[in-house]
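# Analysis of the macromolecular model
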Amino acid sequence: MAEKIILDSDPGHDDAVAILLAVGSPEIDLLGVTTVGGNQSLDKVTYNARAVLEEAGATSIPVHAGCDRPILRPMENAASIHGQTGLDGVDLPKPTRPLDEGHAVNWLIDTIMSNDPKTITLVPTGPLTNIAMAVRMEPRIVDRVKRVVLMGGAVHDGNWSPCAEFNVKIDPEAAKIVFNEPWDVTMVGLDVTHKALCTPEVQKRIENTGGELGVFVSHLMDFFRKSYQDNQDFVDPPVHDPCTVAYIIDPQVLTTRRCTVDVQCGEGPALGMTVADLRGPEDPTCHTQVGLGLDFDRFWDLIADAIQNIADGKGQH
Ligand code: BDR
Ligand code: CA
């Protein structure tokens, strides 16, 4: 049976690929996309989510807009990486499906509470504001969801500061709430996603897969590559967010380790750091785990397959 997921995202070039991977993979049942201010303003990322679903022909999938800023801190975006629109580098189709009514946090709660227990997986790929707000508004969702597989944080790395990753750094209080609730959380952080590089070989393959859609993704990657070259001293861009969905499709894509994770919220150079305790022995009952390794070939195979499936009309509509 396909795994029911909700993508909570801030598209974003790599969020867009995560949406396409979900839509194009038969192992996934995408119930909806919720949006959060992050890579760009809430209005922009919400439009982008709808446009990407339009591009994929997946207009039955609802999009609900959520929080436009972090819980405590001022809004900060990643225009340096994703451009002024949040998805610079491509011409987006105009969404035909109107934005769905209802705040994302309310919709998340209603959807989780009205589905069977332990059937829905939350997949946050932006700041964790909506998820933390949902937990505070309706604490029963913690028992009710199957698991949370999030892109954010890092064990050994940082991109928005020397030791903090963007999604966690932007709203560290929200991240602290999410990691400290006793649900099953998989942190897919930079230790994994900095291995998910869109090399020129990979990009050529994507460009030649699924006709126009492959070209669309390749144009996204052209912009993303330049951003990462100019701002982060990367040669090839790391395609972070789809690593979450790939892990749900095929757990073999990641190597993981169970360990506690807490978030540093005090002011100072470590603000937003995810502190993972890797000291042994591993506790198999720990409710949090971190991704450490990525099977590069499996990961890109899944993305190529999803693009082909969508182009063949076999994606979710
Ligand atoms: C994360 O930050 C965003 O810019 C990306 O979309 C990804 O979710 C990587 O740190
Ligand atoms: Ca993102």
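Residues numbered from 1 in each chain as written. Chains lettered and ligands numbered in written order. Predicted model: local features only at pLDDT ≥ 70, side-chain atom pairs only at ≥ 80, totals over all residues. Heavy atoms only, no water.

### Some points on the pattern of salt bridges
Applying the stated criterion across every chain, the model contains 17 salt bridges. Between R69 and D68 there is a salt bridge; the shortest N-O distance is 2.9 Å. Among the salt bridges present, the one from D230 reaches K226, with a minimum N-O distance of 2.6 Å. Of this pair, D230 and K226 both sit in helix α11 (residues 211–232), four residues apart, which is roughly one turn of that helix. You can call K226 partly exposed: its relative accessible area is 47%. Several salt bridges converge on common partners, so that one network encompasses E3, K146 and R147. (Salt bridge = Lys/Arg side-chain N within 4 Å of Asp/Glu carboxyl O. Helix = DSSP H or I, 4+ residues; strand = E, 2+ residues; numbered from the N terminus. Buried < 20%, exposed > 50% of the residue type's maximum accessible area, 1.4 Å probe, protein only.)

### A look at the nonpolar core
Judged by nonpolar contacts, the single largest core of 56 residues is most densely connected at L7, V23, L30, L53, V245 and F299. Those elements that place two or more of their residues in this core are β1 (3–9), α1 (13–23), β2 (28–35), α2 (42–55), α10 (200–207), α11, α12 (242–249) and α13 (296–311). If you tally residues by element for this core, the top one is α1, at eight residues. Excluding its chain neighbours within four sequence positions, the residues that come into contact with V245 are L7, A18, L21, A22, I28 and V123. Counting 36 residues, the second-largest nonpolar core is a separate cluster that includes W107, I112, I131 and I141. (Core = buried A, V, L, I, M, F, W, Y, C linked by side-chain atoms within 4.5 Å. Contact = heavy atoms within 4.5 Å.)

### Some points on the packing of helix α5 (residues 129–137) against helix α8 (residues 172–180)
Interaxial distance between α5 and α8 falls to 8 Å at its minimum, and their mutual angle equals 55°. Viewed along their axes, α5 and α8 adopt a mutual orientation that is oblique. Here the hand of the crossing between α5 and α8 comes out left-handed. Where α5 approaches α8, its residues T129, I131, A132, V135 and R136 are matched on the opposing element by A174, I177 and V178. (Axes fitted to C-alpha atoms, helices over the stretch in contact; angles between N-to-C directions. Parallel < 35°, antiparallel > 145°, perpendicular 65-115°, else oblique. Left-handed = near helix turned anticlockwise from the far one by under 90°.)

### Some thoughts on the coordination of the calcium ion (ligand 2)
Taken together, the protein ligands of the calcium ion (ligand 2) are D10 (OD), D15 (OD), D15 (OD), T125 (O) and D241 (OD), with distances of 2.2 to 2.6 Å. All donors of the calcium ion (ligand 2) belong to a single chain; written as a sequence motif, their spacing is D-x4-D-x109-T-x115-D. Here D15 is found in helix α1, whereas its partner T125 is found in the loop between β4 (120–124) and α5, with 110 residues between them in sequence. One exposure class covers both D15 and T125, and it is buried. (Donors = N, O, S within 2.8 Å, 3.2 Å for Na, K, Ca; no water.)

### Looking at the site of ligand 1
Taken together, D14, D15, N39, H82, T125, M151, N159, E165, F166, N167, H240 and D241 are the residues near ligand 1. Separating an oxygen atom of ligand 1 from a backbone N or O atom of T125 is a distance of 3.0 Å. For ligand 1, an oxygen atom lies 2.9 Å from a polar atom in the side chain of N159. Here ligand 1 has 280 Å² of accessible area as a free molecule, and 98% of this is covered by the chains. Contributing elements (two or more residues each) for the shell around ligand 1: α1 and α7 (166–170). (Near = heavy atom within 4 Å. Polar contact = N/O pair within 3.5 Å; in protein donor to acceptor, adjacent residues only side chain to side chain. Areas by Shrake-Rupley, 256 points an atom, 1.4 Å probe, with all protein chains shown as cover.)

### Description of the sheet that holds β4
Pairing is mixed in the open sheet, where eight strands are placed in the order β3-β2-β1-β4-β5-β6-β10-β7. Looking at the sheet topology across the chains shown, the edges are occupied by β3 (63–65) and β7 (254–258). For this sheet, the mean angle separating the axes of adjacent strands, direction not counted, is 25°. In this structure, β4 lies alongside strand β5 (residues 147–151), joined through two bridges in parallel fashion. Opposite T121, over in β5, you have R147 as the bridge partner. (Pairing = 2+ DSSP bridges.)

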